[in-house]
Amino acid sequence: MPREHKEYRSKARIYVDILASIMKHGGKSRPTRILYGANLSHDRLMKHFGQLIELGLVEEEKQDDAVIYKLTDKGRKFLIEFIKMEKFAEAFGITI
Amino acid sequence: MEFVSSFISLLVGYYALKGYKEFAIKGLFFLYLGFIILGIGTFLRVFSATYFVILLRALEPAPHLRSLINLAGLIYTLTQLIAYSFFTATYILQAKALGERSLELGMVSAVLFPIYGLFFNPSLELIAIVMLGFITVHSFNNWALKRSSGSALVFLGFGFMFLSHLLFLFMIMEPMLLFFGQVTQLAGFMCLLVMLARVSRVHA
């Protein structure tokens, strides 16, 4: 049986996975959807949301008694820059 | 030609620094150091070569001038070797992160050999060839795994640089090889520039 390989994700990678998940759902999404997309537990997702809001990458919005997380312009730019950098690093064999 | 190469090298170095600072991608740090040192070294060579040409036209060739030219050449080669050491370190660290334990010993010796070689081997060009050979093989491995255009361009970039050093090595026999070496070196840097342009074109 092949040994399971546990991959370490950097903080930037987790942020990007959250932002990409929101982007995938049209720029705003409920936490449950993001949770699956970013492959995180509820507690960890909430902790990261706090930091993302603080950095101005994500905005919290209330819609019909539900909380929705919206990608800001800064968040969109961060995501694009990260994708560029990821491609650059990968060209040299560096994984993020 | 070398001026363009130095500019491209500094540009790639700047991009690596940006990635290291903004996203804390540790692997990009050595890449940044390598390309910045290579860029500065190449620029200094262009500058010093132009200066010596002007000086030789104005003055009679003197022995102290010849030793000065040799010193400038030595400094340039050393900056190149330092830069290649950082590229080698990038690939070693990456291999470690991916858990290629069986290759570890070979890789460490590949880095140590050129450094120790500095004390025993008078031909610095040969050391540069050994280091660039190692880097080229690793960039080829990366391309074979990823099959992306970016990794292909990096492989071609380092491959051309490797070839240029081989041509420089044999220029004592055929002076025209210096020109071909310069062209090949520029081709290597142009590949890196194309790679940089391609990754910068990513949209959301």
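No experiment lies behind these values; they were computed from the predicted model shown. (Residues numbered from 1 in each chain as written. Chains lettered and ligands numbered in written order. Predicted model: local features only at pLDDT ≥ 70, side-chain atom pairs only at ≥ 80, totals over all residues.)

### Quick notes on the overall build of chain A
Thinking step 1. A count of helices and strands for chain A gives four helices and three strands.
Thinking step 2. Overall size of chain A, expressed as C-alpha extent along the three principal axes, is 45 × 35 × 20 Å.
Thinking step 3. A fraction of 46% describes how many contacts in chain A between residues 6 or more apart in sequence connect residues 24 or more apart. (Helix = DSSP H or I, 4+ residues; strand = E, 2+ residues; numbered from the N terminus. Contact = placed C-beta atoms within 7 Å.)

### Things to note about the overall build of chain B
Thinking step 1. When helices and strands are counted, chain B shows seven helices and zero strands.
Thinking step 2. Listed by position from the N terminus, the elements making up chain B come as α-α-α-α-α-α-α.
Thinking step 3. For chain B, with 204 residues in total, the buried portion stands at 37%.
Thinking step 4. Taking as baseline every contact in chain B between residues at least 6 positions apart, the subset at least 24 positions apart corresponds to 67%. (Buried ≥ 20, exposed ≤ 12 C-beta atoms within 10 Å, placed from the backbone.)

### What about the interface of chain A and chain B?
Thinking step 1. Contacts between the two partners involve 18 residues from chain A and, on the opposite side, 27 residues from chain B.
Thinking step 2. With 13 residues, the top contributor of residues to the side of chain A that touches chain B is helix 4 (residues 73-91) of chain A.
Thinking step 3. Broken down by class, the residue content of the side of chain A that touches chain B amounts to twelve nonpolar, one polar and five charged. (Nonpolar A, V, L, I, M, F, W, Y, C, P; charged D, E, K, R; others polar.)

### Topic: helix 5 (residues 124-146) of chain B
Residues and elements named next belong to chain B.
Thinking step 1. Over its 23 residues, helix 5 extends 33 Å from the first C-alpha to the last, a length consistent with the 33 Å expected when each residue adds 1.5 Å.
Thinking step 2. Of the residues making up helix 5, those classed as buried are Ile127, Ala128, Ile129, Met131, Leu132, Phe134, Ile135, Thr136, His138, Ser139, Asn142 and Trp143.
Thinking step 3. Just past helix 5, the residue Arg147 takes up positive phi, approximately 55°. (Expected span 1.5 Å × (residues − 1).)

### Quick look at unusual backbone geometry
Residues other than glycine predominantly adopt negative phi, and peptide bonds predominantly adopt the trans conformation.
Thinking step 1. For Arg147 of chain B, which is not glycine, the phi torsion reads 55° and is therefore positive.
Thinking step 2. Examined against the element boundaries, Arg147 of chain B turns out to sit in the loop between helix 5 and helix 6 (149-169).

### Points about the environment of Met85 of chain A
Thinking step 1. Mapping Met85 of chain A onto the fold places it in helix 4.
Thinking step 2. Take Met85 of chain A: there are 25 C-beta atoms within 10 Å of it, and that puts it in the buried class.
Thinking step 3. Sequence separation between Met85 of chain A and His48 of chain A is 37 residues, and the spatial gap between their C-alpha atoms is 21 Å.
Thinking step 4. When residues no more than four places from it in sequence are discounted, the contact partners of Met85 of chain A are Gly19, Phe23 and Ile25 of chain B.

### Examining the sheet that holds strand 1 (residues 28-29) of chain A
Residues and elements named next belong to chain A.
Thinking step 1. As summarised here, the arrangement of the three strands in space is 1-3-2, forming an open sheet in which the pairing is antiparallel. The open sheet terminates on both sides in strands that have one partner only, identified here as strand 1 and strand 2 (58-63).
Thinking step 2. Note that strand 1 and strand 3 (residues 66-71) share two bridges and pair antiparallel. Of the residues in strand 3, the one forming a bridge with Ser29 is Tyr69.
Thinking step 3. The strands touched by helix 1 (residues 11-24) are strand 1 and strand 3; relative to strand 3, the strand with the most contacts, the crossing angle is about 100°. (Pairing = 2+ DSSP bridges. Axes fitted to C-alpha atoms, helices over the stretch in contact; angles between N-to-C directions.)

### Digging into the nonpolar core
Thinking step 1. Counting residues in each nonpolar core, the largest one holds 67 residues, and the members touching the most others are Leu19 of chain A together with Leu132 and Leu192 of chain B.
Thinking step 2. Not counting residues up to four positions away in its chain, the partners in contact with Leu132 of chain B are Tyr84, Phe158, Met161, Phe162 and His165 of chain B. (Core = buried A, V, L, I, M, F, W, Y, C linked by C-beta atoms within 7 Å.)

### Details of the pairing of strand 2 of chain A
The side chains of a regular strand alternate, residue by residue, between the two faces of the sheet.
Thinking step 1. Taken together, the six bridges between strand 2 of chain A and strand 3 of chain A define a ladder with antiparallel strand orientation. When the sheet's bridge partners are listed, Glu59 of chain A is paired in strand 3 of chain A with Lys70 of chain A.

### Topic: the packing of helix 4 of chain A against helix 7 (residues 176-200) of chain B
Thinking step 1. Direction vectors running N to C along helix 4 of chain A and helix 7 of chain B enclose 150°, while the axes themselves pass 8 Å from each other. One finds that helix 4 of chain A runs roughly antiparallel with respect to helix 7 of chain B. Seen along the crossing, helix 4 of chain A lies across helix 7 of chain B with a hand that is right-handed. Along the contact surface, helix 4 of chain A presents Lys84, Lys87, Phe88 and Ala91 of chain A, while helix 7 of chain B presents Met195, Val199 and Ser200 of chain B.
Thinking step 2. Looking at side-chain class alone, the contact of helix 4 of chain A with helix 7 of chain B contains four nonpolar, one polar and two charged residues. (Parallel < 35°, antiparallel > 145°, perpendicular 65-115°, else oblique. Left-handed = near helix turned anticlockwise from the far one by under 90°.)

### Section: the confidence of the model for chain B
Residues and elements named next belong to chain B.
Thinking step 1. Scored by pLDDT, chain B comes out at a mean of 78, with 82% of its residues at no less than 70.
Thinking step 2. For chain B, helix 4 (residues 101-120) is the element with the lowest average pLDDT, namely 43, and helix 6 is the one with the highest, namely 90.
Thinking step 3. In this model, residues 101-106 is a region of pLDDT below 50 whose contacts with residues beyond four sequence positions or in other chains number two contacts.
Thinking step 4. Here residues 111-122 is modelled with pLDDT under 50, and outside its nearest four sequence neighbours on either side it reaches 13 contacts, counting other chains as well.
Thinking step 5. Interface confidence for the predicted complex, given as ipTM, is 0.72, next to a pTM of 0.74. (pLDDT = per-residue confidence, 0-100.)

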